[in-house]
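# Analysis of the macromolecular model
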Amino acid sequence: MKDTLIALLGQTVEKLQADNHIPADLQPDIQITNTKDASHGDLATNLAMMLAKPAGKNPREMATLIIDNLPANDLVEKVDIAGPGFINFFIKSGSTLSVVKNILDQAENFGLSELGKGKKIQVEFVSANPTGPLHVGHGRGAAYGATVADLYEAVGYEVHREYYVNDAGRQMDILGTSIWLRYLEKCGIDFEFPVNGYKGDYIYDIATEIETEYEDKFVFTHEELMNGIPADEPHGGDKELHIDALISRAKELLGKASYRIIFDSGLNSIIGDIRDDLKHFGIEYQDWYSERTLEDRNLVSKAIERLQTAGHIYEKDGALWFRSTDFGDEKDRVVKRDNGQTTYFASDIAYHMEKIERGYDIVIDVWGADHHGYVPRVRAALQALGDDADKLKVLLVQFANLFRGGEKVQMSTRSGSFVTLRELREEVGNDAARFFYVMRKCEQHLDFDLDLAKSQSNDNPVYYIQYAHARVCSVLRQLKEKNLTHDTNNGQSNLPLLTEPHEISLVKKLNQYTSTLESAAIKAEPHLMVHYLRELASELHTYYNAHQFIVDDKNIRDARLNLIIACRQIIANGLKLLGVSAPEAM
RNA sequence: GCGCCUGUAGCUCAGAUGGAUAGAGUGUUGCCCUCCGAAGGCAAAGGUCACAGGUUCGACUCCUGUCAGGCGCGCCA
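Residues numbered from 1 in each chain as written. Chains lettered and ligands numbered in written order. Predicted model: local features only at pLDDT ≥ 70, side-chain atom pairs only at ≥ 80, totals over all residues. Heavy atoms only, no water.

## Notes on the sheet that holds strand S11 (residues 362-368)
If you walk across this open sheet you meet the 5 strands as S7-S6-S5-S11-S12, and the pairing is parallel. Here the strands that pair on one side only, and so sit at the sheet edges, are strand S7 (287-290) and strand S12 (392-397). On average, each strand axis in the sheet is tilted by 25° relative to the strand beside it, whichever way the strands run. Sheet topology places S11 next to S12; 6 bridges connect them, and they run parallel. By the bridge assignment for S12, Ile364 is matched with Lys393. Packed onto the sheet, helix H13 (residues 375-384) meets S11 and S12 and runs at close to 170° relative to S12. (Pairing = 2+ DSSP bridges. Helix = DSSP H or I, 4+ residues; strand = E, 2+ residues; numbered from the N terminus. Axes fitted to C-alpha atoms, helices over the stretch in contact; angles between N-to-C directions. Contact = heavy atoms within 4.5 Å.)

## Overview of the sheet that holds strand S8 (residues 313-316)
Each strand in a sheet pairs with its neighbour through backbone hydrogen bonds, running either in the same direction (parallel) or in the opposite one (antiparallel). In spatial order, the strands read S8-S9-S10; together these 3 strands make up an open sheet with antiparallel pairing. At either end of the open sheet lies a strand with only one pairing partner, and these are S8 and strand S10 (333-336). Strand-to-strand, the axes of this sheet are offset by a mean angle of 45°, without reference to chain direction. Lying on the sheet, helix H12 (residues 344-357) is in contact with strand S9 (319-322) and S10; it crosses S10 at an angle near 80°.

## Brief notes about the domain arrangement of chain A
Partitioning chain A into structural domains gives domain 1 (2-91), domain 2 (120-159 + 285-396), domain 3 (160-284 + 398-454) and domain 4 (461-577). Placing a centre on the C-alpha atoms of domain 1 and another on those of domain 4 gives a separation of 33 Å. (Domains from an automatic or database assignment.)

## Let's talk about the nonpolar core
Core analysis: the largest hydrophobic core is formed by 131 residues, its most contacted members being Tyr163, Trp180, Leu278, Leu424, Tyr437, Phe448 and Leu510. Of the residues forming this core, the biggest block, 14 residues, is contributed by helix H9 (residues 239-280). Those residues in contact with Leu278 that sit more than four places away from it in its chain are Leu134, Ala142, Tyr163, Ile283, Tyr285, Trp288 and Leu421. Of all hydrophobic cores here, the second largest spans 33 residues; its members include Leu294, Val300, Ile356 and Ala384. (Core = buried A, V, L, I, M, F, W, Y, C linked by side-chain atoms within 4.5 Å. Buried < 20%, exposed > 50% of the residue type's maximum accessible area, 1.4 Å probe, protein only.)

## Details of H9
Over its 42 residues, H9 runs only 37 Å from end to end, short of the ideal 62 Å by more than 12%, given 1.5 Å per residue. A maximum bend of about 115° is found in H9 at Gly255. The N-terminus of H9 is capped by Asp238, whose side-chain oxygen sits 2.7 Å from the backbone nitrogen of Glu240. Following H9 by one or two positions, Gly282 adopts a phi angle in the positive range, close to 80°. (Expected span 1.5 Å × (residues − 1). Bend = angle between axes of the 7 residues up to and from the residue. Polar contact = N/O pair within 3.5 Å; in protein donor to acceptor, adjacent residues only side chain to side chain.)

## A short note on the pattern of salt bridges
Using the criterion set out here, one finds 31 salt bridges in the structure. Its salt-bridge partner being Lys78, residue Asp80 comes within 3.9 Å of it at the nearest N-O pair. The partly exposed category is assigned to Lys78, whose relative accessible area is 41%. We note a salt bridge from Lys454 to Glu427, for which the minimum N-O separation is 3.0 Å. Of this pair, Lys454 sits in helix H16 (residues 450-454) while Glu427 sits in helix H14 (residues 421-428), placing them 27 residues apart in sequence. Under the relative-accessibility criterion, Lys454 is labelled partly exposed at 36%. Residues joined in a network through salt bridges with shared partners are Glu162, Arg297, Glu354 and Arg358. (Salt bridge = Lys/Arg side-chain N within 4 Å of Asp/Glu carboxyl O.)

## A word on the packing of helix H19 (residues 501-511) against helix H22 (residues 554-577)
The contact between H19 and H22 brings their axes to 11 Å, and the two run at 35°. You can see that H19 and H22 cross each other, and the crossing is left-handed. Counting all contacts with H19, which are made through Glu503, Leu506, Val507 and Leu510, the residues of H22 involved are Arg560, Leu563, Ala566, Cys567 and Ile570. Among the residues making up the contact of H19 with H22, the classes are represented as 7 nonpolar, no polar and 2 charged. (Left-handed = near helix turned anticlockwise from the far one by under 90°. Nonpolar A, V, L, I, M, F, W, Y, C, P; charged D, E, K, R; others polar.)

Following this line, the structure appears as structure tokens:
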């Protein structure tokens with residue numbers, strides 16, 4: 001509809017230019033907006049106000065001129081000039097009613113579009129270090145990333161969901177060593193657990209599994225373990241040096257193969273747990289991409305070489321630096337340390353280089369907002385490699401704070417006292433969790449009210465929307481109980497009987513679904529869908545209270561039932577995109 | 001100190017590329033079930049859009065500055 005009007009106005013502009021009413025070189029960007037107020041018609045344009053100045057006319061005069069030169073169209077009922085010079089379009093109601101038929105015909109496919117047809121997009125999200133279970137902070141990235149991916153898919157993009165597994169690096173060594181130390185404890189070796197080690201209960205579980213399978217195969221004496229290890233923090237030492245020494249000791253005593261066994265049992269156990277957690281949260285990936293395979297394929301050194309060839313690498317203090325300041329970063333970054341080890345950043349350059357090489361049109365990274373300082377350097381690297389850095393879109397998700405009984409719930413990862421995503425899901429349910437996580441724009445801090453999410457009352461927006469869906473189902477059950485039937489075709493031909501203000505307004509709302517979905521997808525803003533669904537549910541509840549659907553007049557009854565079934569379909573479609581169920585009864 | 005995000009009703013938040021009288025929910029107050037589920041609806045009240053300038057026909061929106069809150073600034077990952 002909007003496109004039709006834009007085309008009509010485009011013709012008008014050309015005509016006015018031909019008649020020398022407005023400068024011929026002007027190329028106005030014609031904008032059509034939905035009106036907020038019904039008295040302003042259905043759609044409006046500010047074109048007259050934009051053209052007024054270059055044409056040397058006042059806006060209302062300009063508007064008259066535009067309307068006089070507007071080609072006729074049988075969808076347009078009436079055109080008005082209002083306010084400072086808006087042109088309001090009133091659309092014939094028959095043409096807007098067709099949405100009801102379309103929804104019933106296309107059912108769960110209604111609203112899908114081909115906007116992104118032929119375009120490939122990759123969405124990488126969560127990608128939490130596999131050093132422990134996901135916590136509630138990861139949950140937001142998970143829900144947000146998954147919804148953004150689903151929205152893109154709904155508007156026709158080919159979407160590849162990916163989890164980047166950081167299965168290399170120091171954090172993972174700390175994990176492997178922590179597991180080994182807990183195992184040693186279980187086997188009766190006496191020592192003090194490092195302050196920097198991972199202390200969660202899951203570490204004990206993994207240690208127990210290893211003990212069950214390998215018994216005392218990895219046991220060493222206290223002396224072998226601790227001899228020459230620098231003191232830990234509580235004893236006046238440095239906790240980083242202490243843990244690093246323990247890692248080296250673990251590798252040395254266990255040997256490569258045994259160390260790998262312990263390391264991998266930790267990795268596999270935790271990744272398996274994360275995978276299971278996300279699956280139950282309604283999230284599945286096309287790929288779990290291993291950081292280790294980057295090294296196995298020499299991609300990290302290849303990336304550094306490419307940068308070197310392009311002249312963006314220099315040596316200082318025995319390390320290799322990437323001159324990222326040439327591309328807007330605030331300081332240069334080390335890619336290879338003086339000890340010969342490549343940095344995490346180097347892996348990330350390789351990873352992003354490889355992503356671009358895979359041929360995606362858009363590469364989306366969903367990161368926690370605490371990583372925002374990292375964006376310029378990754379972008380710089382892509383530019384330096386000569387890749388199209390504009391393909392990379394980084395979406396930063398702010399933190400989520402949990403509230404219980406009005407109090408902020410404290411969380412800390414290392415101490416092991418954090419609230420896990422799994423606990424949250426069990427407490428409030430998947431529906432409420434998915435919904436609450438995407439209720440706000442991603443750059444907005446999220447206050448997650450546990451009591452509200454759990455409450456089965458009108459306060460809770462999830463229930464409010466789900467109830468609207470269940471209510472329509474309930475009406476249809478009533479119909480059956482009264483031994484009445486619903487004739488969809490009869491309803492279709494009697495749609496023009498829907499002339500009540502509530503009905504017209506509802507039809508208008510249904511007509512906005514497709515554009516809402518498209519804009520939610522393109523802007524990566526799932527909250528737009530949340531707001532839309534709430535408004536639709538609200539109008540449906542209002543309609544329900546104002547009018548009886550199961551009336552004696554068969555024609556009106558069938559038409560009304562068609563309308564509310566269409567609403568139910570849209571609610572179901574929208575909720576599905578958010579990963580929320582649409583129950584038939586509650 | 002520098003950088004990113006945020007500041008809109010008592011509270012939690014919407015306000016696309018600048019547009020008409022700044023909107024919801026919640027809370028407060030008052031109504032509505034002999035009627036398809038009251039997990040609902042209707043109505044009232046509630047605002048210096050953090051502050052100060054600027055840009056223009058027009059600014060919550062764009063620019064500059066100030067203030068406040070969050071986060072980030074390692075040869076960690």
